[in-house]
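Spelled out from the first residue to the last, the chains are:
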Amino acid sequence: MTGYDIFAWIVLVILAASAIGVFCIAGWLPGHIARSRGHPHAQAVSVAGWITLICGFALWPVAFVWAYLDIPARSVEDA
């Protein structure tokens, strides 16, 4: 193996690790946002984020928007 081959393998491993990392962060993000904002359906948003990402990314933005919507109104006792 030449130096170019070793460099190419290193780049390939870094690229694969980066792709896996971005995939995991993208699946985790809607659920994390929903839990941190106190969303009443945070578990459903989390599942929707992973399922839509695994099954074809097209509906992943819907799960991301859902994480920001339907926040329960704060009552006077919470303030």
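The rules behind these values
- Residues numbered from 1 in each chain as written.
- Predicted model: local features only at pLDDT ≥ 70, side-chain atom pairs only at ≥ 80, totals over all residues.
- Heavy atoms only, no water.
- Helix = DSSP H or I, 4+ residues; strand = E, 2+ residues; numbered from the N terminus.
- Buried < 20%, exposed > 50% of the residue type's maximum accessible area, 1.4 Å probe, protein only.
- Contact = heavy atoms within 4.5 Å.
- Areas by Shrake-Rupley, 256 points an atom, 1.4 Å probe, with all protein chains shown as cover.
- Phe/Tyr/Trp six-rings, centres within 6.5 Å; stacked < 30°, edge-to-face > 60°.
- Patch = residues over 30% accessible without salt bridge, like charges linked within 9 Å, V, L, I, M, F, W, Y side chains within 5 Å.
- Salt bridge = Lys/Arg side-chain N within 4 Å of Asp/Glu carboxyl O.
- Polar contact = N/O pair within 3.5 Å; in protein donor to acceptor, adjacent residues only side chain to side chain.
- pLDDT = per-residue confidence, 0-100.

Some details on the overall build of the chain
For step 1, the next point in the chain: Scanning the chain for helices and strands turns up 3 helices and 0 strands.
For step 2, the next point in the chain: Helices (α) and strands (β) of the chain occur, in sequence order from the N terminus, as α-α-α.
For step 3, the next point in the chain: Looking at the 79 residues of the chain, the share that counts as buried comes to 22%.
For step 4, the next point in the chain: When contacts within the chain are restricted to residue pairs at least 6 apart in sequence, long-range pairs at least 24 apart make up 52% of them.
For step 5, the next point in the chain: Accessible surface, the chain: about 5800 Å² in total, of which carbon and sulfur atoms supply 75%.

Overview of the packing of aromatic side chains
For step 1, the next point in the chain: Summed over the entire model, instances satisfying the criterion amount to 4 aromatic pairs.
For step 2, the next point in the chain: On the basis of an interplanar angle of 15° and a centroid distance of 5.6 Å, the ring pair of Phe57 and Trp60 is categorised as stacked.
For step 3, the next point in the chain: The buried category is assigned to Trp60, whose relative accessible area is 14%.
For step 4, the next point in the chain: Summarising the aromatic geometry, the rings of Phe64 and Tyr68 are spaced 5.8 Å apart at their centres and angled 70° between planes, so their arrangement reads as edge-to-face. With Phe64 and Tyr68 both in helix H3 (residues 60–68), this residue pair falls 4 residues apart, about one helical turn.
For step 5, the next point in the chain: Each member of the aromatic cluster is reached from another via a ring pair, and the members are Phe57, Trp60, Phe64 and Tyr68.

Description of a nonpolar patch on the surface
For step 1, the next point in the chain: A surface patch of nonpolar side chains, amounting to about 680 Å² of accessible area, comprises Met1, Ile6, Trp9, Ile10, Leu12 and Ile14.
For step 2, the next point in the chain: Relative to the assigned elements, Ile14 resides in helix H1 (residues 3–36).
For step 3, the next point in the chain: Residue class for Ile14 comes out exposed when judged on its relative accessible area of 52%.

Re the environment of Ser36
For step 1, the next point in the chain: Inspection of the secondary structure puts Ser36 in helix H1.
For step 2, the next point in the chain: Sequence separation of Ser36 and Ala67 is 31 residues, and the distance between their C-alpha atoms is 9.6 Å.
For step 3, the next point in the chain: Separated by 2.9 Å, the side chain of Ser36 and the backbone oxygen of Ile33 make a polar contact.

Digging into the confidence of the model for the chain
For step 1, the next point in the chain: Across the chain, the average pLDDT comes to 89, with 87% of residues at or above 70.
For step 2, the next point in the chain: Mean pLDDT across the elements of the chain bottoms out in H3 (91) and peaks in H1 (96).

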